[in-house]
Amino acid sequence: MKKKIFFIMALSIVSMAFSGCGRAEENLNTGSSAANAVFTINETADTEPVLQAPVQDDEVKNEADAANDNVQQTEENVQMTPEDSDSTEAQVTEAQVTEAPATETPAVETPDKNAYPYPEDIDSSAVLTMNEDGSVKALLADGAVELTLTDDFVGNMVIRDNAILSKIAYNNSGIGTVLALDPYDHFKGYRGASLPVCYVDGVYWYWYRPTDCRCDSSNPEEYAQHSKLYEAIDEHVRFTFYGCSKETGEKTKKMPLPEGYNGMLRKSYSSTKGILGYTSEYVLENAEQGNQWEMEEGKNITAKSIAYSRGKMWFECYDTDNNEYYGWVSDENVAFYECEGTKGTSYQSVNSPVYGEIK
């Protein structure tokens, strides 16, 4: 009987073994191994054998649990919240910005819109600046004389030794003078081809305008350019002279006269106006015509200053007897008596004025 029972149990064990192989395969997919299953059979004399459930080895179980824990931890590390993602991205971006090498932007030179576009035609002693209206502010004689040139001069002139020349005539034959400035350490009169235009730091500057044509008139292009500049000086430039002092910074048309310029007021033969006095603003600053006053012919006057303005000469006059101020009077209304160095004979009469030059 016992043998029969043992035989039956053996068959059961073999059947369970085959069945266990299937379960072991499933356990492989979940991290367990069929090889770790242990079956025990207890047999007694009075009882039938009892088949116990397989027991998993503790070491193997611990390794499986550890593997599961690692997988879970990996999944947690991979599953980041949006806030964590933004924070990490911000940290990376900040690191990248911090570590990026600094670069310097190369300076770009901006062309000076006020610079004269033909500097090669200008002497080093002259400084030219373009105005917004296309005219040119010119400082000649090392900054002592200022004048304004019209846009006709841009690209059509050459400046050499305080003289302005038409460009074509100068390049062809070295001539072409339309205006020249000459310095004198004394006042040498106010009539003739050379006229005083400013007084700067002890020097009188005289403007000379040639009366003859300083170009080749047989060359149409040369002659046209030269004539255009000459006309522009006569119509515009000659009204713009100023003296600029380096010592005081003053800019003015006013020039001092030597002592002895005494004379009398007279009516002009070429004007129907009476003898008028004008303000300093009108004569020296080109202001609008303001207050003016009429004066009596024959009054004895003393001229203390002279100015070249509005295309003619002006004298700042005082009464010779009581020093009353008469203002600025046009040269056509003043007749001077004989002065030191004048040419010819003078007569103290309004009908015989003195126009000679002072040497």
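Residues numbered from 1 in each chain as written. Predicted model: local features only at pLDDT ≥ 70, side-chain atom pairs only at ≥ 80, totals over all residues. Heavy atoms only, no water.

Novice: When you look at the nonpolar core in this model, what are you seeing that I'm missing?
Specialist: Buried together is how nonpolar side chains tend to be arranged in soluble globular proteins. One finds Met157 and Ile164 to be the most contacted residues of the largest nonpolar core, which totals 52 residues. Apart from the residues within four sequence positions on either side, Ile164 is in contact with Leu140, Leu147, Leu149, Phe153, Met157, Val158, Ile159, Gly176, Thr177, Val178 and Leu179. (Core = buried A, V, L, I, M, F, W, Y, C linked by side-chain atoms within 4.5 Å. Buried < 20%, exposed > 50% of the residue type's maximum accessible area, 1.4 Å probe, protein only. Contact = heavy atoms within 4.5 Å.)

Novice: What's the story with the pairing of strand β10 (residues 203–208) in this structure? I'm lost.
Specialist: One face of the sheet, then the other: side chains in a regular strand alternate in exactly this way. Pairing analysis gives five bridges linking strand β8 (residues 177–184) to β10, with the strands arranged antiparallel. Note on β10: the bridge partner recorded for Ala180 is Tyr208. The hairpin formed by strand β9 (residues 194–200) and β10 contains two residues between the paired strands, and Asp201 there has a positive phi angle of roughly 50°. (Pairing = 2+ DSSP bridges. Helix = DSSP H or I, 4+ residues; strand = E, 2+ residues; numbered from the N terminus.)

Novice: Is there a simple way to explain the pairing of strand β7 (residues 163–166) in this structure?
Specialist: Burial of the side chains of β7 extends over both faces: Ala163 and Leu165 are buried on one face and Ile164 and Ser166 on the other. In textbook terms, the turn of a hairpin is the stretch between consecutive antiparallel strands, and for strand β6 (residues 157–160) and β7 this stretch comprises two residues, one of which, Asp161, has a positive phi near 50°. Examined bridge by bridge, β7 and β8 share three bridges and lie antiparallel to one another. Paired with Ala163 across the strands is Ala180, a residue of β8.

Novice: Just checking my understanding: could you explain the confidence of the model for the protein chain for this structure?
Specialist: The predicted coordinates ought not to be read in detail in places where the model reports low pLDDT. Here the protein chain shows a mean pLDDT of 75. Residues at 70 or above account for 62%. Low confidence marks residues 1–7, where pLDDT is under 50. Its contacts with residues over four positions away, or in another chain, come to two contacts. Every residue in residues 74–98 scores below 50 in pLDDT, and together they form two contacts with partners more than four places removed in sequence or on other chains. (pLDDT = per-residue confidence, 0-100.)

Novice: Would you mind going over the sheet that holds strand β12 (residues 251–252) with me for this structure?
Specialist: Strand pairing in a sheet is mediated by backbone hydrogen bonds. Such pairs are either parallel or antiparallel. In spatial order, the strands read β3-β4-β5-β11-β12; together these five strands make up an open sheet with antiparallel pairing. Both edges of this open sheet fall to β3 (127–130) and β12, since each of them pairs with a single strand only. Pairing of β3 with strand β4 (residues 136–140) involves four bridges; the strand directions are antiparallel. The residue bridging Met130 from the neighbouring strand is Val136, located in β4.

Novice: Please clarify how the packing of aromatic side chains should be interpreted in this entry.
Specialist: Following the criterion strictly, the structure yields 16 aromatic pairs and no others. Arranged with centres 5.5 Å apart and planes meeting at 65°, the rings of Phe187 and Tyr204 form a pair that is edge-to-face. Taken together, the residues Phe187 in the loop between β8 and β9 and Tyr204 in strand β10 connect sequence positions 17 residues apart. Of the residues examined, Phe187 reaches a relative accessible area of 4% and is grouped as buried. (Phe/Tyr/Trp six-rings, centres within 6.5 Å; stacked < 30°, edge-to-face > 60°.)

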